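Spelled out from the first residue to the last, the chains are:
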Amino acid sequence: MRAWLLDPAPASRRQARCGRWFRAWLGFSSNGLAMTGLAIVVALVLIAVCAPLIAGSRAATLQSLGDRLQPASRAHWFGTDELGRDIFARTVFGARITLTIVALVGAIVVPVGLVIGLPAGYFGGAVDAVLMRLTDIFLAFPRLVLALAFAAALGPGIDNAVVAIALTTWPPYARLARAETLTHRHAEFVQAAVLQGASRTSILFRQILPLCLPSVLIRLTLDMAGIIITAAGLGFLGLGAQPPAPEWGAMVASGRQVLLNQWWVATIPGIAIFVTSVGFNLLGDGLRDVADARG
Amino acid sequence: MIRLDGVTVRYGHGRHAIVAAHGISFSVARGAAYGLVGESGSGKSTVLRAVAGLIAHAGGRVELAGQAMPANRTRPQRRLVQMVFQDPYGSLHPNQTVDQALASPLRVQGLDGGEARIAAALREVGLGTEHRFRFPHQLSGGQRQRVAIARALIVAPRILLLDEPTSALDVSVQAEILNLLTRLRREHGLTMLMVSHDLAVIAHLCEHVGVMQHGRLVEQTTADALAAGAVSHDHTRDLLLSNASFDRRV
């Protein structure tokens, strides 16, 4: 299998592609920190997917006022909060909310950034000026403040938090895509495609887009931590997920009042935010190293 | 096959415009090979790009295979003329295998029989099936240039433009590529237009030579006359002197 993957003379398109991925994986897996990041992110995804199996399907919102603010015990591994809900279960279910926000923001930000940045870089001139000034306008807003204003205007909730975060996150992606496009648009392989009679859209999507994608995706993994923290910040301020949803930021906010006597209520979700952010950052760093080595 | 009539190419607009080629006129017969020599900045690559249709010419007429070329060429017009670039490292897409690089011109031009054509094109440039699914970073400079030649020839063009196709390669590989081009020209009856600063390379492939300086075509002669030193323009004499090791046999 290994010999098949590392064959310097692959016999099919599929083998060539697999071999390329396998080599990238070899580079990535030799990086200890990157593997730690990957492990954290994979674990987080598994926890989110299997949350009902891990913590019971109703545990996250089950109130038990008799068990308020209990410290960690065998029944409640991370203790309970001010409504007697199990913090372990809430933290586990919180992974679902966090990953949903991250995935949705990514799904908005990457296409928008590419759609704005690729034509700006490739066509230049008036197209570039219009698209980039638009980007500048969005870039000029302070991120959290615009997100706050937006969430306040549309009303609090996860969907609006996602839109608010996405609105303030896409401009750097447009710039990145534009910069990558500028470096490749006069490349000789692009000229060769012009000579073959390829249309502009086909050149943009088949030649230039694949070269922009790695740096955009790496940027996204590195931004994930920031997105998680912004989402948690909105939750903390009451503009993100609404009670009783177990959003980590909102959990920290509710634990604030009892921080001195029942420290675990705020600390446990705080640690979850921290570990997740670190995991995405390490993963992004590792991916960047792999991409650099290949370039 | 190629006819240029007073072709002028300008970069930029208005007062800042730089004229890179001034009223260039020459013609190349079917199956012939014409070399453009000159120092860097003399405008030779500009002329080549105007013939290729990569840059629009501001004045004059470019005629290929009897048709005057419009500013926006049609797909069949594109197919007429293909080009091999100078830098074998920059002319292949880093994320595409040789197979993909050869399949995409076929797709764009709507040609069928892809499998057979790709295999034939690779065989023709001296590459084996073991090279077909490699990425450019798994190939040597000479192999990459062979892939670039295969990519140009796979749509069966009638004109092949060569922009210093050997200057980025080491000497032994240069000779292989030049011999390959000579053979392909003979077998396919290709008309070639080559740009180089190296007189030896030009003389090896081309029987007609044009000398460019400051955007003008200052002398047209033959490779034989060049070898004999029978030249009339001072600049050509300078070029001959600076290529002191000039030897037709390479």
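Because the structure is a prediction, the values reported are computed rather than measured.

## A look at the overall build of chain B
Here comes step 1: Scanning chain B from terminus to terminus reveals nine helices and 10 strands.
Here comes step 2: A compact globule built from 250 residues should have a C-alpha radius of gyration of about 18 Å, and chain B, at 18 Å, falls within 12% of that.
Here comes step 3: Along the three orthogonal principal directions, the C-alpha set of chain B runs to about 50 × 40 × 35 Å.
Here comes step 4: Restricting to contacts in chain B with at least 6 residues of sequence separation, those with at least 24 account for 68%.
Here comes step 5: Accessible surface, chain B: about 10500 Å² in total, of which carbon and sulfur atoms supply 48%.
Here comes step 6: In chain B, 27 positive and 21 negative side-chain charges are present, and the distance between their average locations comes to 8 Å.

## So, the packing of aromatic side chains
Note on aromatic pairs: each is described by the distance of the centres and the angle between the planes.
Here comes step 1: Enumeration according to the criterion identifies seven aromatic pairs over all chains in this entry.
Here comes step 2: With centroids separated by 5.2 Å and ring planes inclined at 55 degrees, the aromatic side chains of F138 of chain A and W170 of chain A adopt a geometry described as tilted. Of the two residues, F138 of chain A is situated in helix α6 (residues 125-140) and W170 of chain A in helix α8 (residues 158-184); the sequence distance between them amounts to 32 residues.
Here comes step 3: With relative accessibility at 7%, the residue W170 of chain A sits in the buried group.
Here comes step 4: On the numbers, 4.4 Å between centres and 5 degrees between planes, the contact of F26 of chain B with Y34 of chain B is stacked. Y34 of chain B matches F26 of chain B in its accessibility class, with the two residues each being buried.
Here comes step 5: Pairwise contacts between aromatic rings join W77, F78 and F88 of chain A into one cluster.
Here comes step 6: When the ring centre of F135 of chain B is taken as origin, the NZ or CZ atom of R20 of chain A, which lies over that ring, is 4.4 Å away.
Here comes step 7: Here the guanidinium or amino end of R219 of chain A rests over the ring plane of Y173 of chain A, the centre of that ring lying 5.8 Å away.

## Looking at the side chain of R185 of chain B
Residue and element names in this part refer to chain B.
Here comes step 1: If you trace the backbone, R185 turns up in helix α6 (residues 171-188).
Here comes step 2: Since its relative accessible area comes to 15%, R185 is described here as buried.
Here comes step 3: From its side chain, R185 meets the backbone oxygen of L205 in a polar contact 2.9 Å long.
Here comes step 4: Ignoring any residue separated from it by four or fewer positions in sequence, one finds R185 in contact with G31, A32, A33, L190, M192, L205 and E207.

## A closer look at the interface of chain B and chain A
It is common to give the size of an interface as the accessible area that goes away when the parts come together.
Here comes step 1: Between chain B and chain A, the contact holds 36 residues from the first and 24 residues from the second.
Here comes step 2: Counting the contacts that link chain B with chain A gives one salt bridge.
Here comes step 3: D99 of chain B is the salt-bridge partner of R13 of chain A, the closest N and O atoms lying 2.4 Å from each other.
Here comes step 4: Inspection of the region where chain B meets chain A yields 11 residue pairs in polar contact (both at pLDDT 80 or more).
Here comes step 5: Looking at the side of chain B that touches chain A, the elements that each hand over two or more residues are α1 (44-52), α2 (75-80), β6 (81-84) and α3 (98-109) of chain B.
Here comes step 6: It is α3 of chain B that contributes the most residues to the side of chain B that touches chain A, eight residues altogether.
Here comes step 7: Considered class by class, the residues forming the side of chain B that touches chain A number 12 nonpolar, 13 polar and 11 charged.

## Describing the side chain of T230 of chain A
Residue and element names in this part refer to chain A.
Here comes step 1: The residue T230 is located in helix α10 (residues 200-236) in this model.
Here comes step 2: Within the structure, T230 has its side chain in polar contact with the backbone oxygen of G226 (distance 2.7 Å).
Here comes step 3: Sequence-distant contacts of T230, defined by excluding residues within four places in its chain, comprise R143, L144 and I165.

## Notes on the pairing of β6 of chain B
Residue and element names in this part refer to chain B.
Here comes step 1: Covered by surrounding structure in β6 are V81 and M83 together with Q82 and V84, the residues of both alternating faces.
Here comes step 2: Examined bridge by bridge, β6 and strand β7 (residues 159-163) share four bridges and lie parallel to one another. From the neighbouring strand, V84 faces β7, where its bridge partner is L162.

## Section: the confidence of the model for chain B
Here comes step 1: Per-residue confidence for chain B averages 89 on the pLDDT scale, and 97% of its residues sit at or above 70.
Here comes step 2: Interface confidence in the predicted complex, given as ipTM, is 0.89; pTM for the same model is 0.85.

## Looking at helix α2 (residues 13-29) of chain A
Here comes step 1: For α2 of chain A, built from 17 residues, the straight-helix expectation of 24 Å at 1.5 Å per residue is met to within 8% by its first-to-last C-alpha distance of 24 Å.
Here comes step 2: Of all the residues in α2 of chain A, the buried ones are Q15, A16, G19, R20, F22, A24 and F28 of chain A.

## A few points about the sheet that holds strand β4 (residues 59-64) of chain B
Residues and elements named next belong to chain B.
Here comes step 1: Pairing in this open sheet of four strands is antiparallel, and the strands run β2-β1-β4-β5 from one edge to the other. The open sheet terminates on both sides in strands that have one partner only, identified here as β2 (18-28) and β5 (67-68).
Here comes step 2: Pairing of β4 with β5, which is carried by two bridges, proceeds in the antiparallel orientation. Bridge assignment links L64 to a residue of β5, and that residue is Q67.
Here comes step 3: Taken strand by strand, α1 contacts β1 (2-11), β2 and β4, and its axis lies near 115 degrees from that of β1.

## Brief notes about the pattern of salt bridges
Here comes step 1: Counted under the stated rule, the structure contains 18 salt bridges over all chains.
Here comes step 2: Through salt bridges with shared partners, a single ionic network connects R13 of chain A together with D99, E115 and R132 of chain B.

## Regarding the packing of helix α7 (residues 143-154) of chain A against α8 of chain A
Residue and element names in this part refer to chain A.
Here comes step 1: With their axes 9 Å apart at the nearest point, α7 and α8 run at an angle of 145 degrees to one another. The two elements α7 and α8 cross, and the hand of that crossing is right-handed. Where α7 abuts α8, its residues R143, L146, A147, F150, A151 and L154 lie against N160, V163, A164, I165, L167, T168 and T169.
Here comes step 2: Here the contact of α7 with α8 is built from residues that sort into nine nonpolar, three polar and one charged.

Here is what the cut-offs are and how they apply
- Residues numbered from 1 in each chain as written.
- Chains lettered and ligands numbered in written order.
- Predicted model: local features only at pLDDT ≥ 70, side-chain atom pairs only at ≥ 80, totals over all residues.
- Heavy atoms only, no water.
- Helix = DSSP H or I, 4+ residues; strand = E, 2+ residues; numbered from the N terminus.
- Rg over C-alpha atoms; globule rule 2.2 N^0.38 Å.
- Contact = heavy atoms within 4.5 Å.
- Areas by Shrake-Rupley, 256 points an atom, 1.4 Å probe, with all protein chains shown as cover.
- Lys, Arg positive; Asp, Glu negative; His and termini not counted.
- Charge placed at Lys NZ, Arg CZ, Asp CG, Glu CD.
- Phe/Tyr/Trp six-rings, centres within 6.5 Å; stacked < 30°, edge-to-face > 60°.
- Buried < 20%, exposed > 50% of the residue type's maximum accessible area, 1.4 Å probe, protein only.
- Lys NZ or Arg CZ within 6 Å of the ring centre and 35° of its normal.
- Polar contact = N/O pair within 3.5 Å; in protein donor to acceptor, adjacent residues only side chain to side chain.
- Salt bridge = Lys/Arg side-chain N within 4 Å of Asp/Glu carboxyl O.
- Nonpolar A, V, L, I, M, F, W, Y, C, P; charged D, E, K, R; others polar.
- Pairing = 2+ DSSP bridges.
- pLDDT = per-residue confidence, 0-100.
- Expected span 1.5 Å × (residues − 1).
- Axes fitted to C-alpha atoms, helices over the stretch in contact; angles between N-to-C directions.
- Left-handed = near helix turned anticlockwise from the far one by under 90°.

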